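# Topology and contacts: notes
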Amino acid sequence: MQVYLDNNATTMCDPQVVEAMQPFFSELYGNPSSLHKFGTATHPYLKKAIDQVYTALNASDDDDIIFTSCATESNNWVLKSVFNDLIVGGDKDHIITTEVEHPSVLSACRWLEEQGVKVTYLPVNDQGIVEPHTVKSFITDKTALVSVMWASNETGMIFPIKEIGEICKEKGVLFHSDGVQAVGKIPVDLQDVHVDFVSMSAHKFHGPKGIGALYIKNSQPLSPLLHGGEQMGHRRSGTLNVPYIVGMGKAIELATTNMEEKMASIRAKRDRLEDALLELSDTFVVGSRENRTPNTILISIRGVEGEGMLWDLNNAMIGASTGSACASEDLEANTVMLAIGADNELAHTGIRLSLSRFTTDEEIDYTIEQFKKAVARLRAISSSFAKVQPTPGGEAGEC
Ligand SMILES: Cc1ncc(COP(=O)(O)O)c(CNc2co[nH]c2=O)c1O
């Protein structure tokens, strides 16, 4: 049996999405910008895909949704163009973000600091989320942008975006949210939340890799990151990737249709897996289930190095991660666990399991069996675990 539990890194393309994309590789392959029929024949399908994204996010016709190559591009676009427009071209000098953002936000912010921008990296609480009052306390009249992720790729914890949006609206500060782990996984209603920019990525909700989008409220000005042709109204130049845009539209429609039912099914499997793993001694899961995306578990297993655990799981044909694949090449401690106050030893024990709507009960049963086997084996050979006094009754639970 092969079990894929790294859906926060990327997901399988839904077969219905692949089917929807097929015609645009060798039949309807014209360039949408071409005036001839080969090009204009693609337009109805592009319009349908754009409408599917607008509908899924409850975006208004006054808003823009601009397709990009990925969320990394979307995140860089917002940060670097706000820098250009409001800091280089204005009187602002400050950006606020959090310590636990995805590398595509954190690295862009570090580059901005090299350009002289003051960046505040807000701490998170023991649930791994930033609190609205903390955001408010750091906003000044020189703040150009607040950028806070909608949900964490590491923990699944959902951030108080609505409250932060109200604060930014009241203060007159632009608000960006990296929505990659929320769009297509939990309800995102952009008429209910005040947010100026939202990044998203199709391969997180069973669409193709290499296509994302940026939501821009009220089509407000934002200098292009990419200049060139007139695509997307000159907002993002480059030949439109028709098959991938169609795929993104189909994927978001599938993800948000009967969403509550889909979420409940995923959550039930996640909770059953989490309950079984918490039966192990000296384990804890980051963050409360009530405020977490339905598919994610970040579990710490004292005495078991994350990489060693991944190795055992991989040998059992189970795919998991210790955190963001973008940062998983190095054996660093899990940054979120460090940020919530875990000690360095514990922060090396984090394992992220992220399910999808394709995860089966049989796969959950197999994972429970293999996970417990791996922990027993690794703890038996672990020098550090031997030193740790077992907590009475093997305390386990959410931290
Ligand atoms: C919150 C968040 N933002 C941005 C990205 C980048 O998206 P892309 O540019 O479209 O790929 C990711 C990918 N996150 C992960 C990729 O691998 N493990 C992860 O957790 C993410 O989780």
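Everything numeric here is computed off the predicted structure, so don't read it as measured data. (Residues numbered from 1 in each chain as written. Predicted model: local features only at pLDDT ≥ 70, side-chain atom pairs only at ≥ 80, totals over all residues. Heavy atoms only, no water.)

### Considering the environment of Ser69
- Structurally, Ser69 can be placed in the loop between β2 (64-68) and α5 (71-88).
- It is 15 Å that separates the C-alpha atoms of Ser69 and Thr10, two residues lying 59 residues apart in sequence.
- A distance of 2.6 Å separates the side chain of Ser69 from the side chain of Glu73, its partner in a polar contact. (Helix = DSSP H or I, 4+ residues; strand = E, 2+ residues; numbered from the N terminus. Polar contact = N/O pair within 3.5 Å; in protein donor to acceptor, adjacent residues only side chain to side chain.)

### Concerning the packing of aromatic side chains
- Counted by the stated rule, this structure contains 3 aromatic pairs.
- Pairing Phe24 with Tyr45 gives two aromatic rings, centres 5.0 Å apart and planes at 70°, and the pair type is edge-to-face. Here Phe24 is found in helix α2 (residues 23-26), whereas its partner Tyr45 is found in helix α4 (residues 43-57), with 21 residues between them in sequence.
- Between the aromatic rings of Tyr29 and Phe38, the centroid separation amounts to 6.2 Å while the plane-to-plane angle is 35°, which identifies the pairing as tilted. Each member of the pair Tyr29 and Phe38 is classed as exposed.
- In this arrangement the basic side chain of Lys80 is found over the ring face of Trp111, its NZ or CZ atom lying 5.1 Å from the centre. (Phe/Tyr/Trp six-rings, centres within 6.5 Å; stacked < 30°, edge-to-face > 60°. Buried < 20%, exposed > 50% of the residue type's maximum accessible area, 1.4 Å probe, protein only. Lys NZ or Arg CZ within 6 Å of the ring centre and 35° of its normal.)

### Examining the environment of Val130
- Relative to the assigned elements, Val130 resides in the loop between β4 (118-122) and α7 (132-138).
- Residue Val130 is classed as buried on the basis of its relative accessible area of 0%.
- The contacts of Val130, once residues within four sequence positions are left out, are Thr98, Leu122, Pro123, Val124, Val135, Val148, Phe159, Pro160 and Ile164. (Contact = heavy atoms within 4.5 Å.)

### Quick look at the confidence of the model for the chain
- Overall, the predicted model of the chain reaches an average pLDDT of 93, with 94% of residues at or above 70.
- Interface confidence for the predicted complex, expressed as ipTM, amounts to 0.98; the pTM equals 0.94. (pLDDT = per-residue confidence, 0-100.)

### Here's the deal with the pairing of strand β10 (residues 296-301)
- Along β10, 6 of the 6 residues are buried, which leaves the element largely enclosed by surrounding structure.
- With burial as the criterion, each face of β10 is covered, one bearing Thr296, Leu298 and Ser300 and the other bearing Ile297, Ile299 and Ile301.
- Judged from the 3 bridges that link them, strand β9 (residues 283-285) and β10 form a sheet pairing that is antiparallel. Bridging from a neighbouring strand, Val285 pairs with Ile299 of β10.
- Alignment of β10 against strand β12 (residues 350-354), held across 5 bridges, turns out to be antiparallel. Looking across to β12, one finds that Thr296 is bridged to Ser354. (Pairing = 2+ DSSP bridges.)

### Examining the sheet that holds β4
- The strand order across the open sheet built from 7 strands is β2-β8-β7-β6-β5-β3-β4, with neighbouring strands paired in mixed fashion. Where the open sheet ends on each side, the last strands, each with one partner, are β2 and β4. When the angles between neighbouring strand axes are averaged without regard to direction, this sheet yields 20°.
- Packed on one face of the sheet, α5 meets β2, β3 (94-98), β5 (143-147), β6 (174-178), β7 (197-201) and β8 (212-216) and runs near 155° to β7. (Axes fitted to C-alpha atoms, helices over the stretch in contact; angles between N-to-C directions.)

### Overview of the side chain of Asn75
- Within the secondary structure, Asn75 is located in helix α5.
- Relative accessible area serves as the criterion here: at 1%, Asn75 is assigned to the buried category.
- In this structure the side chain of Asn75 is engaged in a polar contact, spanning 3.3 Å, whose partner is the side chain of His176.
- Apart from the residues lying within four places of it in its own chain, the contact partners of Asn75 are Ser104, Val105, His176, Asp178 and Ser199.

### Quick word on the side chain of Asn8
- Within the secondary structure, Asn8 sits in the loop between β1 (3-4) and α1 (15-21).
- The buried category is assigned to Asn8, whose relative accessible area is 2%.
- Excluding residues that lie within four positions of it along the chain, Asn8 makes contacts with Ser152, Asn153, Gln181, Lys185, Lys204, Asn295, Thr296, Arg352 and Ser354.

### Here we look at the nonpolar core
- Leu57, Val146, Trp150 and Met200 are the most contacted members of the largest nonpolar core, which totals 91 residues.
- Per-element tally for this core: the top contributor is helix α9 (residues 242-256), with 8 residues.
- Ignoring anything within four residues of it in the chain, the contact list for Met200 reads Val53, Leu57, Cys70, Ala71, Ser74, Val180, Val183, Gly212, Ala213, Tyr215 and Met248.
- With 28 residues, the next largest nonpolar core counts Ile297, Leu353, Leu355 and Leu378 among its residues. (Core = buried A, V, L, I, M, F, W, Y, C linked by side-chain atoms within 4.5 Å.)

### What about empty space enclosed by the protein?
- In total, this model carries 1 cavity of 30 Å³ or more according to the counting rule given.
- For the largest cavity, the calculated volume is near 190 Å³.
- If one sorts the elements of the lining of the largest cavity by residue count, helix α10 (residues 259-277) sits on top with 4 residues.
- Of the residues assigned to the lining of the largest cavity, the class counts are 7 nonpolar, 6 polar and 4 charged. (1 Å grid on protein atoms, 1.4 Å probe; cavity = no way out; pocket = protein on both sides within 12 Å on 5 of 7 lines; lining within 4 Å. Points joined across faces, edges and corners; volume = space filled by probe spheres on them. Nonpolar A, V, L, I, M, F, W, Y, C, P; charged D, E, K, R; others polar.)

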